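Chain by chain, the residues run as shown.
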Amino acid sequence: MQVITQPGFAEQTITKSRFIAMAVACADEREVGQALRAFAAQHQSAHHLAYAFRLKTAQGIVPRFSDAGEPSGTAGMPVLKLIEGRDLINVCVAVIRYYGGINLGTGGLARAYGGTAKLALDNVKTSAFVEMKTYQLTITYKQMDVMTNALSKCNGSIVSKAFNEQIDLVILLPADEATNFLNRFKPFGG
């Protein structure tokens, strides 16, 4: 699986209709909603905003799409098929349409929405998906610098910290690094 590390955008005009697409990373449905609202706000006079997204959740992979009033399966479904074909995860791809007065037919719509989404996806940068997990850990004050450096080396991060007699941390780690990392700091607490 791949994730988007840099968003992509594209625009094309097909038979007088203007299509604009964006492809962005989204961690959850809340972020999908924020991205779609921001995109719609930039194009308030557009006629349609079709989209598709694919997220990895605790319940598995969740794919969704919307045709935004276009005939069923002509707008969101072609976009979702592109996302799945590229094995992208935690991604939202949206396509805005400014209607140009000429009907494109179902095949023409599918090609226009899918083609514009493809152009946006061609402009993104991706990297391999790394599953991250959250852990709680308690360390001594002396270990804070060592912990911070170790987290940096394995691409982890500190989500929160509470300073008491010891330091209570919530950390985010790549799932495949967690066992070694936690064993390394187990003698310090937690």
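Quick look at the structure, then. (Residues numbered from 1 in each chain as written. Predicted model: local features only at pLDDT ≥ 70, side-chain atom pairs only at ≥ 80, totals over all residues. Heavy atoms only, no water.)

Before going further, it helps to examine the side chain of Asn 90. If you trace the backbone, Asn 90 turns up in the loop between helix H2 (76-85) and strand S6 (91-98). Among residues more than four places away in sequence, those in contact with Asn 90 are Val 24, Ala 25, Cys 26, Ala 27, Arg 54, Leu 55, Lys 56 and Phe 129. (Helix = DSSP H or I, 4+ residues; strand = E, 2+ residues; numbered from the N terminus. Contact = heavy atoms within 4.5 Å.)

Counted by the stated rule, this structure contains five salt bridges. Ionic pairing is found between Arg 54 and Asp 87, a salt bridge with its closest N-O pair at 3.5 Å. One end of the pair, Arg 54, is in strand S4 (residues 48-57); the other, Asp 87, is in the loop between H2 and S6, with 33 residues separating them in the sequence. For Arg 54, a relative accessible area of 10% translates into the label buried. (Salt bridge = Lys/Arg side-chain N within 4 Å of Asp/Glu carboxyl O. Buried < 20%, exposed > 50% of the residue type's maximum accessible area, 1.4 Å probe, protein only.)

Next up on the list: the nonpolar core. Soluble globular proteins tend to bury their nonpolar side chains together. Ranked by size, the top nonpolar core spans 24 residues in total, and within it Ala 23, Val 79, Ile 83, Val 93, Val 95 and Tyr 113 carry the most contacts. Broken down by secondary-structure element, the contributors of at least two residues to this core are strand S3 (17-25), S4, H2, S6 and helix H3 (105-122). Residue contributions to this core peak at six residues, all from H3. Beyond its immediate chain neighbours, meaning those up to four positions away, Ile 83 contacts Ala 52, Phe 53, Arg 54, Leu 88, Val 91 and Val 93. Counting residues in hydrophobic clusters, the runner-up holds 15 residues, among them Ile 20, Phe 39, Leu 55 and Ile 96. (Core = buried A, V, L, I, M, F, W, Y, C linked by side-chain atoms within 4.5 Å.)

Attention now goes to the sheet that holds strand S10 (residues 167-174). A sheet is described by the order of its strands in space; here three strands give the open sequence S8-S10-S9, paired in antiparallel fashion. Both outer strands of the open sheet, strand S8 (132-139) and strand S9 (157-163), are each paired with one neighbouring strand and no more. Ignoring which end each strand starts from, the neighbouring axes of this sheet average 15° apart. Examined bridge by bridge, S9 and S10 share six bridges and lie antiparallel to one another. Considered in S10, the bridge of Ala 162 is made with Asp 168. Relative to S10, helix H4 (residues 144-153) is tilted by about 15°, and along the sheet it contacts S8, S9 and S10. (Pairing = 2+ DSSP bridges. Axes fitted to C-alpha atoms, helices over the stretch in contact; angles between N-to-C directions.)

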